[in-house]
Amino acid sequence: MNEHDVRPTTMLSNPAAQHPLVALSAGRRWLLSGLLLAAIVAWLPAGRVLLATGLWLIAPGYLLERSMPGPRPPWLLRVTLWVGISLSLVPLGYLWVTAVGGSLPAPVLIISAILLALAASWAAWRDLAGVQGQPSAATWLLMIVLAIGAWLRAEQIADLALPAWVDSVHHALMVRVAVETGRAPWTLTPYLPVVEMPYHWGYHVVIAAAWHLSGGALPDVMLWSGQLLNWLQNVAAAALALLWWRRPSAAVVAAAIVGCISWMPAYYVSWGRYTQLTGLLLLAALAIAWQQWLDSTHRRERTGWLALAALIAAGLSLVHMRIFVFGGALLAAQSIVWSLRQSRRTIIAHVAQALLAGIAAVALAGPWWWLLLRRVLVPAAAGAQSLTTGGSYAQLNYDLMWIGPNEWLVALALISGAIGVARRQAATAVLMLWVGGLAVLTNPWLVSYLAPPAGLALLIYSLTQRKWLWSGVGVLLLAINPATVRLPFLWLLPVDIAAISLFLPLSSLISGGVALIWPAQRRWWQIGGTAVLLGLALWGANQQRAIVNPITVLATAADREAIAWVAGNTDPTARFLINAAPWLPGVARGNDGGWWIMPLTGRWTSTPPALFVYGDAASVQATRQRSQQIIDYGNGQAIDLERLIATEQIDYIYTSPKGPLRPELFASRPGYEVAFAEGGVVIYRVAPDRR
């Protein structure tokens, strides 16, 4: 038979067709294997968290993206798009349900999840019917790198009893509120007197939806879902590298850098910075959708990609406003580089379409933007509050900038950037413009130094070309200089946030440089390069196994047992005096597991999660004074604890060796009975006559 003969064969004439599993396409076999693995993993508590979170992160976006017109991008870009779309659809659903006064109770979410799982499985079964052949060598290598990254993320939280540091505490409270109310958690009553809070909440409702499905303890849900979001940064970095460079090798290198070598974003677990992780996933999806829109040649495809970009931008504004601004800088860089090769007519048409997309994004998240307008922008315009900041909050923390191997990564990125410039690569221009934009956004004073040379160049150009309109712009830019303009720092855009987000552009630049110079046709070079890459990935993973900063670990296993005792043995209205320590100006934090009592049990604590600052002025001041008394007591000042306990009607005192409320302070005092003692944590019950 001729090899090009494609005449159909019957079941009887095809021996393989008599065995259904053999006759399945390779894609369907992969799907069945994945479903079987999911069924096995579901027996583990952590596995249920990962599956529940993964369902909400993948299924909604997959079902929407597959319905778009035109050809699909590579699978790596599609997966990143699914995550970004899903992370937009779920918060937007909560937003509009909340806006109309409704709620999303557990039965509705569970039924929706079941329907999504069935629809996504059926759609995948159909889509994978024609997928044949085996994955390429680059795909296998990428899978190995991602597997190392997955093991590393699990290893990093093995010793954590509760999520680390400050952010995790108020994230937990917001997730609890979202679960209990079925609404967007911008009102925190009855736990805190906070109404219409202008704090991003998109991450929290996604985790709330996952908690409804997986069950278990909230700290475990946060830890495992957070590491899943962290691991997905590897996928997003690989997708962006593939988007910019169109080379699979670049995707593999980027995944290895972000997943195993760079200490960011792995170090995020030390802070519980889960909202920023979520925002960065949306940023990657937004960049892909935007680039697809810029590069599309058919009207229907352009409309579809622009609509997706608007949807993801709306979702990003709900998840993390700082990353929303960073995303705008990236879209601007992509658009500038793209426009250099376009006609004026094409540029004008795209600008008009982009403006419409921006309006659509704001409309999709309309209730949220209206809240921000009333709670942030109008008070700032009236002078009631300020959008500017200064001091240490606006300064770069060099320990964060140069953490781990960052000096080497920055050096490699600069070398790769030089290679890209020498080879006139558009991707290099996009990435360098983006990094420059981040630097200016987080350091506004740079504008007064950059404007004069730009104005001089524009003035010379206008005079030589006799384009007098541009000469006026040049003169205006010359007028913006250090002697005339001093722009303030914005509290929304601290420079540290940009520093810890640089792993995305750095990994893309380095992976592009490697892809540009690597000989593609030399087999032994390929084998050697693969061995070196895997060696570096394993070395980096080993260096990061204990990446959690012990200073940020506030709670121990004993604290977790104590909190479980509180939940099961105290009245829901019980009031706890807990330890406190200074944090930001005007905001104290807890320094042991007692700070977790409110988000995990709902009981009142003397130092609540940091979101209390969004309450009314009187309650904020009272909370600050209460926490400051504990801090002053630890500093040796004369504080009447007995009066504080009586005034605040304290029922229990949570003490630990971390102080300043230590167990020995109350051991010999009358009126204080040990109610719980384990691993250095002692909870004292206050006698009624002491309150």
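What you see is a predicted model, and the numbers here were worked out from it, not measured in a lab.

Moving on, we get to the packing of helix 12 (residues 299–319) against helix 14 (residues 344–364). Viewed as axis vectors pointing N to C, helix 12 and helix 14 meet at an angle of 40°, and their least axial separation amounts to 8 Å. Compared by their axis directions, helix 12 and helix 14 come out oblique. In the packing of helix 12 onto helix 14, the handedness of the crossing is right-handed. Contacts from Arg302, Leu306, Ala310, Leu311, Ala313 and Ala314 of helix 12 reach helix 14 at His350, Gln353, Ala357, Ala360, Ala361 and Leu364.

Here we take up the side chain of arginine 626. Turning to its location among the elements, arginine 626 is positioned in helix 26 (residues 617–634). Residues contacting arginine 626, with those up to four places away along its chain left out, are Trp604, Ser606, Leu644 and Glu648.

Moving on: the side chain of threonine 428. Checked against the element boundaries, threonine 428 lands in helix 18 (residues 426–442). Assessed through its relative accessible area of 0%, threonine 428 is described here as buried. Contacts of threonine 428, omitting those with residues within four sequence positions, involve Trp245, Gly417, Gly420, Val421 and Leu509.

Below, the discussion takes up the packing of helix 17 (residues 406–422) against helix 22 (residues 503–517). Helix 22 packs onto helix 17 with a crossing angle of 55° between their chain directions and a minimal axis gap of 8 Å. Classified by the angle their axes make, helix 17 and helix 22 are oblique. Judged by the sense of rotation from one axis to the other, the crossing of helix 17 with helix 22 is left-handed. Taking contact as the criterion, the partners of Leu409, Val410, Leu412, Ala413, Ser416, Gly417, Ile419 and Gly420 in helix 17 are, on helix 22, Leu506, Leu509, Ile510, Gly513, Leu516 and Ile517. Its residues assigned to classes, the contact of helix 17 with helix 22 comprises ten nonpolar, four polar and no charged.

Glancing now at helix 3 (residues 45–65). Since the α-helix advances by 3.6 residues per turn, residues separated by three or four positions end up pointing in the same direction. The end-to-end C-alpha separation of helix 3 is 30 Å, in line with the 30 Å expected for 21 residues at 1.5 Å each. Maximal helix bending in helix 3 amounts to about 30°, located at leucine 55.

Nonpolar side chains collect at one region of the surface, where Trp370, Leu373, Leu377, Val378, Leu387, Tyr393, Leu490, Trp491, Trp583 and Leu584 lie side by side and expose about 840 Å² of accessible area between them. For the nonpolar patch, the secondary-structure elements that each account for two or more residues are helix 15 (366–382) and strand 4 (581–584). Element by element, the count of residues in the nonpolar patch is highest for helix 15, at four residues. Within the secondary structure layout, leucine 584 lies in strand 4. Using a relative accessible area of 36% as the deciding quantity, one classes leucine 584 as partly exposed.

This paragraph deals with the pattern of salt bridges. Applying the stated criterion across every chain, the model contains twelve salt bridges. Across the pair arginine 176 and glutamate 180 runs a salt bridge whose closest N-O atoms are separated by 3.1 Å. With arginine 176 and glutamate 180 both in helix 7 (residues 167–181), this residue pair falls four residues apart, about one helical turn. Judged by its relative accessible area of 44%, glutamate 180 falls in the partly exposed class. Between arginine 575 and glutamate 648 there is a salt bridge whose closest N-O contact spans 3.5 Å. Placement of arginine 575 in strand 3 (residues 575–577) and of glutamate 648 in the loop between helix 27 (641–647) and strand 7 (652–655) is noted, with a sequence separation of 73 residues between them. Each of the salt bridges in this network shares a partner with another, and the network as a whole consists of Glu65, Arg72 and Arg78.

Relative to strand 9 (residues 681–686), strand 8 (residues 672–678) runs antiparallel, the two sharing six bridges. Along strand 9, the bridge assignment pairs alanine 677 with valine 682.

Take the packing of aromatic side chains next. Counting across every chain of the model gives 18 aromatic pairs. Between tryptophan 445 and tyrosine 449, the aromatic rings sit 6.0 Å apart at their centres with planes inclined by 85°, giving edge-to-face as the arrangement. Relative accessible area serves as the criterion here: at 38%, tryptophan 445 is assigned to the partly exposed category. Both rings, one in phenylalanine 576 and one in tyrosine 652, keep their centres 5.0 Å apart while their planes meet at 15°; by these two values the pair is stacked. You can see phenylalanine 576 sitting in strand 3 and its partner tyrosine 652 sitting in strand 7, a full 76 residues away along the chain. Each member of the pair, phenylalanine 576 as well as tyrosine 652, carries the same accessibility label: buried.

Another aspect to go through is the confidence of the model for the protein chain. Counting all residues, the mean pLDDT for the protein chain is 92, and 96% of those residues have values of 70 or more. Counted against residues more than four places away or in other chains, residues 1–19, with its pLDDT under 50, gives seven contacts.

This part is about the pairing of strand 4. Relative to strand 5 (residues 587–589), strand 4 runs antiparallel, the two sharing three bridges. Looking at strand 5, one finds that alanine 581 is bridged to arginine 589. Between strand 4 and strand 5, which pair antiparallel and follow one another directly, the connecting turn spans two residues, one of which, glycine 586, has a positive phi of 80°.

Reading guide: rules and limits
Residues numbered from 1 in each chain as written. Predicted model: local features only at pLDDT ≥ 70, side-chain atom pairs only at ≥ 80, totals over all residues. Heavy atoms only, no water. Axes fitted to C-alpha atoms, helices over the stretch in contact; angles between N-to-C directions. Helix = DSSP H or I, 4+ residues; strand = E, 2+ residues; numbered from the N terminus. Parallel < 35°, antiparallel > 145°, perpendicular 65-115°, else oblique. Left-handed = near helix turned anticlockwise from the far one by under 90°. Contact = heavy atoms within 4.5 Å. Buried < 20%, exposed > 50% of the residue type's maximum accessible area, 1.4 Å probe, protein only. Nonpolar A, V, L, I, M, F, W, Y, C, P; charged D, E, K, R; others polar. Expected span 1.5 Å × (residues − 1). Bend = angle between axes of the 7 residues up to and from the residue. Patch = residues over 30% accessible without salt bridge, like charges linked within 9 Å, V, L, I, M, F, W, Y side chains within 5 Å. Areas by Shrake-Rupley, 256 points an atom, 1.4 Å probe, with all protein chains shown as cover. Salt bridge = Lys/Arg side-chain N within 4 Å of Asp/Glu carboxyl O. Pairing = 2+ DSSP bridges. Phe/Tyr/Trp six-rings, centres within 6.5 Å; stacked < 30°, edge-to-face > 60°. pLDDT = per-residue confidence, 0-100.

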